[in-house]
Amino acid sequence: MFKKLFIGLGAVVVAGLAYLLAWPVPIAPVAWQAPPAPGYQGPHAPNQRLANLQMIDLRGEIGPEHIAIGKDGKLYTTVLSGNILRMSPDGSAQEVFINTGGRVLGFDFDAAGNLIAADAVKGLLSVSPQGQVQVLADRIGDDPIRYADGVVVARNGKIYLSDASTRFAPKDWGGTFEASVLDILEQSATGRVLEYDPASRAVRVVARGLSFANGVALSSDEQHLFVNETGKYRVWKIAVGAQDLDIAQGGNAQAQVLLDNLPGYPDNLMRGLDGKIWLGFAKPRNPTIDGMAGKPWLRALTLRLPRALWPIPKAYGHVIAFTEDGKVVADLQDPTGAYPETTAITETPERLYVQSLHAKGLGWLKK
């Protein structure tokens with residue numbers, strides 16, 4: 001009887017090991033070297049400046065991932081349902097402006113007042129002030145734009161867009177968060193920055209080789225783009241005139257790392273007042289994830305575990321502001337993480353609105 005029991009247990013153990021070591025996973029992990037985490041010190045010393053946010057009720061909507069003031073003076077924000085909400089800056093007169101049928105992660109306004117949206121499902125969209133939706137671009141030739149993420153419109157009308165991953169499309173992998181986890185665990189660095197020219201309707205690659213290309217912002221002279229490389233904890237400064245530049249090969253005259261070895265996963269970028277640029281961290285660094293950087297097999301094994309055992313970083317509210325030369329001039333934190341995934345700040349003369357991927361309201365601070 002005991003012999004049969006031991007044989008049965010042995011078979012279970014062997015089957016379990018075989019599953020953990022050989023069950024197919026969707027990623028092909030690439031080894032890389034994560035820099036030692038800097039921790040919270042220097043300009044990022046712990047503080048409570050992001051705690052006790054005031055809240056605007058979004059009436060059941062979740063995830064005000066991007067916030068901007070439109071040409072009409074109204075506040076616009078995207079939410080998980082696919083809606084783009086419109087309201088007065090104090091949160092009153094709230095209404096659904098449009099539902100794209102996808103998930104808009106970033107948007108900007110062009111000179112005509114059209115809302116230019118990076119929809120992670122649909123691609124690059126233009127929404128007229130009357131709510132008419134037009135797809136500007138969803139591919140480059142035969143190559144789809146799989147994960148439209150951040151977008152910014154230049155004064156000359158050209159549009160710059162981050163395609164976070166050319167491997168994992170949110171519509172195919174359970175949503176934006178799930179697809180981002182797969183891309184960052186894999187580290188194959190397939191993210192890219194695109195330019196769309198409304199005059200010719202042409203799309204070109206400005207730069208590629210980024211580990212999850214995320215937020216984008218223009219320099220004040222509009223000769224450079226600031227781009228968050230979420231998977232490697234850094235911000236690049238890239239010339240807008242670059243042509244299919246491979247960032248994975250390192251910096252050069254057209255691209256330099258402006259902020260490196262950040263304490264969290266940088267997400268959105270927003271131009272603020274007085275020349276500063278706001279950056280939000282969706283999550284803090286996780287030593288377990290950094291420790292797996294050089295162990296691709298261990299990252300593959302992780303995906304075979306129940307999701308509850310994945311090393312998802314803890315909640316920690318954190319946003320910073322920096323100047324165009326890379327100096328950090330503001331740092332706001334909430335170590336409790338009460339307002340989840342603080343992805344950036346939208347600054348007005350009166351308020352700081354806090355963007356979030358999963359919050360159940362729109363948080364803000366009075367200036």
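Residues numbered from 1 in each chain as written. Predicted model: local features only at pLDDT ≥ 70, side-chain atom pairs only at ≥ 80, totals over all residues. Heavy atoms only, no water.

1. Examining unusual backbone geometry
Selection rule: The classification of residues rests on relative accessible area computed with a 1.4 Å probe and restricted to protein chains. Under 20% of the type maximum is buried, over 50% is exposed, and intermediate values are partly exposed.
Of note, the phi angle at arginine 59 is positive, near 55°, even though the residue is not glycine. For alanine 93, which is not glycine, the phi torsion reads 55° and is therefore positive. Residue alanine 93 is classed as partly exposed on the basis of its relative accessible area of 48%.

2. Considering the confidence of the model for the chain
Here is the rule we go by: Confidence scores per residue from the predictor, reported as pLDDT, run from 0 to 100. Whether two residues are in contact is decided by their heavy atoms: any pair within 4.5 Å suffices.
The share of residues in the chain with pLDDT of 70 or more is 94%, and the mean pLDDT across the chain is 93. Note on residues 8-21: pLDDT under 50 across the span, and 7 contacts to partners over four residues away in sequence or across chains.

3. What about the sheet that holds strand S8 (residues 123-127)?
Quick reminder of the rule: Strand pairing is assigned whenever DSSP detects at least two bridges linking the two strands. Each helix is a run of H or I in the DSSP string that is no shorter than four residues. Each strand is a run of E no shorter than two, and both are numbered from the N terminus. The angle between two axes is taken between their N-to-C directions and runs from 0 to 180 degrees, where each axis is a line fitted to C-alpha atoms and a helix contributes only its stretch in contact.
Read across the sheet, 4 strands follow the order S6-S7-S8-S9 without closing on themselves; strand pairing throughout is antiparallel. Of all strands in the sheet, those bounded by a partner on one side alone are strand S6 (104-109) and strand S9 (133-137). With strand direction ignored, the average angle separating the axes of adjacent strands in the sheet is 30°. As defined by bridge partners, S8 adjoins S9 across 4 bridges and the pair is classed as antiparallel. Paired with valine 127 across the bridge in S9 is valine 133.

4. Digging into helix H2 (residues 176-186)
Residue pairs spaced three or four apart in an α-helix point in one direction, given the helix's 3.6 residues per turn. Taken across its 11 residues, H2 has 10 buried, putting it largely inside the fold. Every buried residue of H2 is accounted for by Thr176, Phe177, Ala179, Ser180, Val181, Leu182, Asp183, Ile184, Leu185 and Glu186. Close packing links the buried residues of H2 with S6, strand S21 (264-271) and helix H4 (296-302). Directly after H2, the chain includes glutamine 187, whose backbone phi takes a positive value near 60°.

5. Some remarks on the pairing of strand S16 (residues 213-218)
Counted residue by residue, S16 has 6 buried out of 6 residues, so it is predominantly covered. For S16 and strand S17 (residues 224-229), the ladder comprises 4 bridges, and the chain directions are antiparallel. Each bridged residue has a counterpart across the sheet, and for alanine 213 the counterpart in S17 is glutamate 229. The hairpin turn running from S16 into S17, its antiparallel successor, is 5 residues long, and glutamate 222 in that turn takes a positive phi close to 60°.

6. Focus on empty space enclosed by the protein
The criterion, for reference: Residues are said to line a cavity or pocket when one of their atoms sits within 4 Å of a point; the points come from a 1 Å grid over protein atoms alone, cavities being sets where a 1.4 Å probe fits but cannot get out and pockets being open sets with protein on both sides within 12 Å along at least five of seven lines. Grid points are joined across faces, edges and corners, and a volume is the space filled by probe spheres set on the points. Lys, Arg, Asp and Glu make up the charged group, whereas Ala, Val, Leu, Ile, Met, Phe, Trp, Tyr, Cys and Pro make up the nonpolar group; the residues left over, Gly among them, are polar.
Going through the model one piece at a time under the given rule, you end up with 2 cavities of 30 Å³ or more. The computed volume of the largest cavity comes to approximately 400 Å³. It is H2 that provides the largest number of residues to the lining of the largest cavity, a total of 6 residues. Residue composition of the lining of the largest cavity, by class: 15 nonpolar, 4 polar and 5 charged. Here the second largest cavity defines a volume of roughly 60 Å³. Every residue lining the second largest cavity is listed: Trp32, Ile184, Leu185, Gln187, Gly231, Tyr233, Tyr265, Ile289 and Arg299.

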